[in-house]
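Per-entry structural report
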Protein chains: 2
Amino acid sequence: MKNNLFTLVLAFLIAAPSFAQQAIWGGQGVVSPEIHDDNTVTFRFHAPKAVKVEVTGDFLPTAKIETPYGQFDAPGSAQLKKGKNGVWEYTTPEPLAPELYSYSFVVDGLKVFDPNNVYLNRDVSSLTNIFIIGGDRASLYEVNDVPHGTVARVWYNSPTLNKNRRMTVYTPAGYENSGKRYPVLYLLHGMGGDEEAWIALGRTAQILDNLIARGEAEPMIVVMTNGNTMKEAAPGESSEGLIKPASLGSMDGSMETSFPDVIKFIDNNYRTIKKKSGRAIAGLSMGGFHSLHISKQYPDMFDYVGLFSAAIVPGKDVKSPIYENSDAKLKTQFAKNPKLYWIAIGKTDFLYKGNEDFRKKLDENGYKYTYYETDGGHIWKNWRIYLSEFVPMLFK
Amino acid sequence: MKNNLFTLVLAFLIAAPSFAQQAIWGGQGVVSPEIHDDNTVTFRFHAPKAVKVEVTGDFLPTAKIETPYGQFDAPGSAQLKKGKNGVWEYTTPEPLAPELYSYSFVVDGLKVFDPNNVYLNRDVSSLTNIFIIGGDRASLYEVNDVPHGTVARVWYNSPTLNKNRRMTVYTPAGYENSGKRYPVLYLLHGMGGDEEAWIALGRTAQILDNLIARGEAEPMIVVMTNGNTMKEAAPGESSEGLIKPASLGSMDGSMETSFPDVIKFIDNNYRTIKKKSGRAIAGLSMGGFHSLHISKQYPDMFDYVGLFSAAIVPGKDVKSPIYENSDAKLKTQFAKNPKLYWIAIGKTDFLYKGNEDFRKKLDENGYKYTYYETDGGHIWKNWRIYLSEFVPMLFK
């Protein structure tokens, strides 16, 4: 065996990827984003020939845009300044508040990702770079030095839908080494989402790990299903191949009708507390709609219900036994005294009015619920907040 | 409850994401890549103001590039043609052979991802779009309509390294519903990789699902560790935060010394066959180096060893008991007749000579091994081939 070969090997193995990176990006050594100690952030982009480089993201003041659906907030933008070696740079004038932020660059009008940041979130069919300013509530979104749960992508059979389907299951730290039974939170995504949405955009594993480590939440299993019953799995994870994701979901009763298949699989394959007091269901937007109807359809199944920016109202065109006799079913559900019925929404959410009407209905009937209102609209920032508020109230 | 609200809600939920996409990309409806029935592929990019748009990727004839480390193959490139509505287009003149391919666009000199393709692979610190041409061996890389195993990200404790560490564990379809014990393949990545490398770039779950469904491989557990003992987890998955990935690895004996911690955790937490005939170890590049030394250090641990493009030779500067008395340890290992000692490498791999020298050594000593040679070099295409060749030979 030749020792000089080993030296060469090591030199190559260490040098080659950075060489390759230099060849591709011409920007070896560029750090972006750089989060400074005072929580100001510097963005850098290597583009020697560019005329204009901007950064756009939700850390910047929003701009109002007009759409056929009304006025919406769009992310603002800021210009980078060209420095030496063709590296453009922008530093936020003020420290950023703790939060998980999204951003992209716009180079001469072309939206591009940050080549120095490999962290992207997919929201339906859009990818965006992310970074986290830690501290306050956002420290729940970070991976901290605490015991970590297991995150598994699991396939189950749904006889009702006649499909094998994929779900994401979080089991808390210690689950494997104990004989204990655990309560389960069923956590549902919105339209266009899938079984990857809550774990990626929602930072569910991090929020659970951190809340449990702090003693602020009970150790629990979290089951993240796929709310589009036409599909087996998230885009790219089924035999449909690497398809372009679309904004689809199921609001036809099929999700509600087939949900007992999910419960049965989980109760059969995990050490769960197989009763109402050991089960919670919550969802965002369409997932809030599902949570409302599933919990009402099966009034002995869940003691905890969370509606996050829920799409509340079924239409008269949707024919499903699930949406029939809604008032009677709600009456039955609330007569059985669920331990928590939690409604959360942002002040500028386009679904605010529907939620207001629904709360009025609950009030008129004397049905007990808890209401939590935030600023902002129909965005993941709010759903991470709602999850981190909801989870500590469960199973106590 | 107002039915007209529901209609509005649905309209928004369906329309908004595509609206947002249109606003951002100006290219609503652009499909890229489009794989035609004859396996030609069309790439499209919306850039009305661009002067030149190219696609670069490993589906194009390679270009030779000179580096301080010798001559290497670089991906070729092809020019897109500007069509109506500012959409540029390129169609491959010939059908592409079945394979998992990587590509990017280059717009006026700026490398950018395909905004219409959300599928990216991360290789150390570089992201690249991917697509798959199915058929032949590449059908093993696709998600097919077969029973799927579970893929879990699991944390274990390594007393030797005094760290909690993350691994990826594949359990085959049916594992949850049986009381059976399963054999285990330990599958190790190369320098700069981590516990995500084999599952993402290596398509391990797809290859195993498909081989098992065809009856060509035994159902087995696959354990993908992190070979950088300084780290707890892949970039972004530890308390280091969303750091920029670097090309690091451990070739100092620590991976080998701490490997029994991995075995112990797996044997304690999964229904495994806890003996030599129920264990295989294989790795690529640095992971081949690890597999060589781990299997030699613990000669009663593994009956199956796979060296994929292995970095063979330890240097004289590396002081570790692991690398001492290598010849005597090899002798002991082979005296115990491992069922399979498999060496695979590509003809143009820069590690070819080291492997050739190692095989000579094995030949001189009459140690039995199997050799598998392919075209090409130190690339994932080869490692997917080696995995799909190696797995069917295990545990039979």
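Only a predicted model underlies this, so the values are computations on that prediction, with no experimental measurement involved.

Helix-helix packing: each pair is described by the crossing angle between the helix axes and the interaxial distance. Residues and elements named next belong to chain B. Where helix H3 (residues 204–213) meets helix H8 (residues 380–390), the axes come as close as 10 Å, and the angle between the chain directions of the two elements is 30°. Comparing their axes, H8 and H3 come out roughly parallel. Viewed along their axes, H3 and H8 form a crossing whose handedness is right-handed. Here H3 contributes Thr204, Ile207 and Leu211 to the contact with H8, which in turn contributes Arg384, Leu387 and Ser388. Looking at side-chain class alone, the contact of H3 with H8 contains three nonpolar, two polar and one charged residues.

Working note: α-helix, 3.6 residues per turn, so residues spaced by three or four point in the same direction. All names here are of chain A. With respect to burial, helix H3 (residues 204–213) is a largely interior element, nine of its ten residues being buried. Looking only at H3, the buried set comprises Thr204, Ala205, Gln206, Ile207, Leu208, Asp209, Asn210, Leu211 and Ile212. As for H3, its buried residues are in contact with strand E13 (150–158), strand E14 (163–171), strand E15 (184–188), helix H2 (197–200), strand E16 (221–224) and helix H8 (380–390). Glycine 215 sits one or two residues past H3 and shows a positive phi near 80°.

Another point: the domain arrangement of chain A. Residue and element names in this part refer to chain A. You can read the domains of chain A as domain 1 (25–133) and domain 2 (150–393). Distance from the C-alpha centre of domain 1 to the C-alpha centre of domain 2: 32 Å. The interface is formed by seven residues belonging to domain 1 together with eleven residues belonging to domain 2. Sort the elements by how many residues they give to the side of domain 1 that touches domain 2 and strand E11 (residues 120–123) lands first, with three residues.

Ranked by internal contacts, the top residues of the largest apolar core, which has 191 residues, are A:Val223 and B:Val223. Discounting chain neighbours no more than four positions away, the residues touching B:Val223 are B:Met167, B:Val169, B:Val184, B:Tyr186, B:Leu187, B:Val262 and B:Ile266.

Residue and element names in this part refer to chain A. Strand order across the open sheet formed by four strands is E1-E2-E8-E7, with antiparallel pairing between neighbours. Looking at which strands have only one partner, the edges of the open sheet turn out to be strand E1 (34–35) and strand E7 (81–82). Sheet analysis places E1 next to strand E2 (residues 41–46), joined by two bridges and oriented antiparallel. In the strand pairing of E2, glutamate 34 is matched with threonine 42.

The rules we used
- Residues numbered from 1 in each chain as written.
- Chains lettered and ligands numbered in written order.
- Predicted model: local features only at pLDDT ≥ 70, side-chain atom pairs only at ≥ 80, totals over all residues.
- Axes fitted to C-alpha atoms, helices over the stretch in contact; angles between N-to-C directions.
- Helix = DSSP H or I, 4+ residues; strand = E, 2+ residues; numbered from the N terminus.
- Parallel < 35°, antiparallel > 145°, perpendicular 65-115°, else oblique.
- Left-handed = near helix turned anticlockwise from the far one by under 90°.
- Contact = placed C-beta atoms within 7 Å.
- Nonpolar A, V, L, I, M, F, W, Y, C, P; charged D, E, K, R; others polar.
- Buried ≥ 20, exposed ≤ 12 C-beta atoms within 10 Å, placed from the backbone.
- Domains from an automatic or database assignment.
- Core = buried A, V, L, I, M, F, W, Y, C linked by C-beta atoms within 7 Å.
- Pairing = 2+ DSSP bridges.

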